[in-house]
Amino acid sequence: MILLEQLETQLDALSAKSLRRRRRTAETACAPRVTVDGNPMLAFCSNDYLGLAAHPKIIAALQQGASLYGVGSGASHLISGHSRAHAMLEERLADFMSPHIASARALYFCTGYMANLAVLSGLAAVSGRETEIFSESLNHASLIDGAKLSRAQVQVYPHGDVMALQALLAASSAATKIVVTDSVFSMDGDLAPLPAILALCEKYNAWLVVDDAHGFAAMGEHGRGVLEHFNLSSPNLVYMGTLGKAAGVGGAFVAAHATVIDWLVQKARPYIYTTAAPPALAHALLASLDIIGGEEGHARRAHLNDLITQLRSDLRLKRWKLMPSITAIEPIIIGDNAEALRAAASLYEQGLWVPAIRPPTVPDGTARLRITLSAAHTQDDVACLLDAVNALESD
Ligand SMILES: Cc1ncc(COP(=O)(O)O)c(C=O)c1O
């Protein structure tokens, strides 16, 4: 019982600080109109930025994929779990990203979390402890964990601080240098200064690992994410895009020079020692890529950008602060944990589902409402949210 009591004491401490988390249960497909714990809600919390998670063509492709390939892959990729569907998806992804990555190949992973673990531990395996990782301070937890798993020396540079990064790179004599950053910061919505960071990586002969979880498919003329947004290409780039957010399905991919991908297949333990994702998901992702790269994807990105402009221009905040963001992630900083929870609860009572994000996901004193927009929202949906938030802050 002592063991359970230890846990209970710590859980009570979390509750006392308004940090105890709970899950809500969605009973319908991921979409703006969703039934949650029996209540009809208008949701502003998914990362389904293009509104593809319940797209009829992708649903049909998933069903077809299950008919063609069954449900489970049965084994890891290196044993017998690598199917034609996985291979076709990787070819399509490599082709899609090829304007930005020379001799591109792509590798499909079960999740973005695993892809990040694999890239950092895999690249660091080249030089072992002689590796130095330069990690941006607001990086996603999966990158922080990947850096830990790599057992490399880790230097954290302040958010967006290119000068500080330059000083660290200039002082480093590591055999392998890896700079790693989110492209769109998941809790802030702002962009990393990637052109300047890439220039430094080329100057100091460092890899640049870009986690474009929130940019892939949602940004860029054709949906090629931040690489297209900033028009970047370089042999130093190792690109990670997730496929469970704007692409609407699940999993993730790494795109890089063919040699990098071959190395990861040999060495990256989070790739090697896990059962391959169901091939039907890869089959469904082919349909998703058709939409992302086609006219429909273009129209969805244009509508999403209109909604972002509407939200930013019509919010009237006094004490709370809207973050500088041109992306679908539009957080409102409240500060205090309990106040952020109260704000989210009040919106929830009005039928609006907006999550309160608290430490340790964000730094202490920066609890926030994290609004995310989707191309599946209408302008009326956004107007409804604006009315509620504007009224809430003037209470
Ligand atoms: C920036 C970032 N990287 C990686 C991930 C992990 O991706 P996945 O959900 O596919 O594991 C997420 C979110 O989940 C994320 O926000």
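Counting of residues starts from 1 at the beginning of each chain's written sequence and follows it residue by residue. Whole-chain, interface and lining totals are the exception, using all residues; otherwise, since this is a predicted model, local features are given only for residues with pLDDT of at least 70 and side-chain atom pairs are given and counted only at 80 or more. Heavy atoms from the whole structure form the basis of all side-chain values; hydrogens and water molecules are not counted.

Take the domain arrangement of the protein chain next. As used throughout, domain bounds are those supplied by an automatic or database domain assignment. One can read the domain layout of the protein chain as domain 1 (20–49 + 295–393) and domain 2 (73–293). Contacts are assigned to residue pairs with any non-hydrogen atoms lying within 4.5 Å of each other. Between domain 1 and domain 2, the residue contacts involve 19 residues of the former and 22 residues of the latter. In short, buried area is how much 1.4 Å probe accessible area vanishes from two parts on joining, totalled over both. Carbon and sulfur atoms make up 57% of the area that domain 1 and domain 2 hide from each other, which totals about 1600 Å². For domain 1, the biggest contributors to the area lost against domain 2 are Y49, R301 and T327; these three give 32% of the whole. By convention in these notes, a salt bridge is any Lys or Arg side-chain nitrogen within 4 Å of a carboxyl oxygen on Asp or Glu. Our count for the domain 1 to domain 2 interface comes out at one salt bridge. Note that D188 and R368 form a salt bridge whose closest N and O atoms lie 3.3 Å from each other. In protein, a polar contact means a hydrogen-donor-capable atom and an acceptor-capable atom, both N or O and within 3.5 Å, with residues adjacent in sequence counting only if both atoms are side-chain atoms; elsewhere, any N or O pair within 3.5 Å suffices. One can count 13 residue pairs in polar contact (both at pLDDT 80 or more) joining domain 1 with domain 2. Secondary structure is summarised from DSSP: a helix means a run of H or I of at least four residues, a strand means a run of E of at least two, and numbering begins at the N terminus for each. Listed by contribution, the elements that provide at least two residues to the side of domain 1 that touches domain 2 are helix 13 (295–314), strand 11 (329–335) and strand 14 (367–372).

Between N-to-C directions, angles cover 0 to 180 degrees, with each direction set by a line fitted to C-alpha atoms, over the stretch in contact for helices. At their nearest, the axes of helix 14 (residues 337–349) and helix 15 (residues 379–393) sit 11 Å apart, and the two run at 135° to each other. The pairing of helix 14 with helix 15 is recorded here as oblique in orientation. Between helix 14 and helix 15 lies a crossing whose hand is right-handed. Along the contact surface, helix 14 presents A343, S346 and L347, while helix 15 presents A388, V389 and L392. Residue composition of the contact of helix 14 with helix 15, grouped by class: five nonpolar, one polar and no charged. The labels follow the angle: roughly parallel below 35 degrees, roughly antiparallel above 145, roughly perpendicular from 65 to 115, and oblique for the rest. Put simply, a crossing is left-handed when the front helix is turned counterclockwise from the back one by less than a right angle, and right-handed when it is turned clockwise. In this classification, Asp, Glu, Lys and Arg are treated as charged, Ala, Val, Leu, Ile, Met, Phe, Trp, Tyr, Cys and Pro as nonpolar, and every other residue, Gly included, as polar.

A single heavy atom is enough: if one lies within 4 Å of a molecule or strand, its residue is considered near that molecule or strand. Not every one of the 13 residues close to the ligand is listed here, only the nearest: G112, Y113, D211, H214 and K245. In the model, a nitrogen atom of the ligand is placed 2.5 Å from a nitrogen or oxygen of the D211 side chain. At 2.6 Å, a side-chain N or O of H214 approaches an oxygen atom of the ligand. Residue exposure ignores everything except the shown protein chains as possible cover, and the areas themselves are Shrake-Rupley values with a 1.4 Å probe. The fraction of the free accessible surface of the ligand (380 Å²) that becomes covered by protein chains is 80%. Taken together, the residues of the shell around the ligand break down into two nonpolar, eight polar and three charged.

Quick look at the side chain of S76 now. Examined against the element boundaries, S76 turns out to sit in the loop between helix 2 (56–69) and helix 3 (77–81). Working definition: with a 1.4 Å probe on protein chains only, accessible area under 20% of the residue-type maximum means buried, over 50% means exposed, and in between means partly exposed. For S76, a relative accessible area of 12% gives the class buried.

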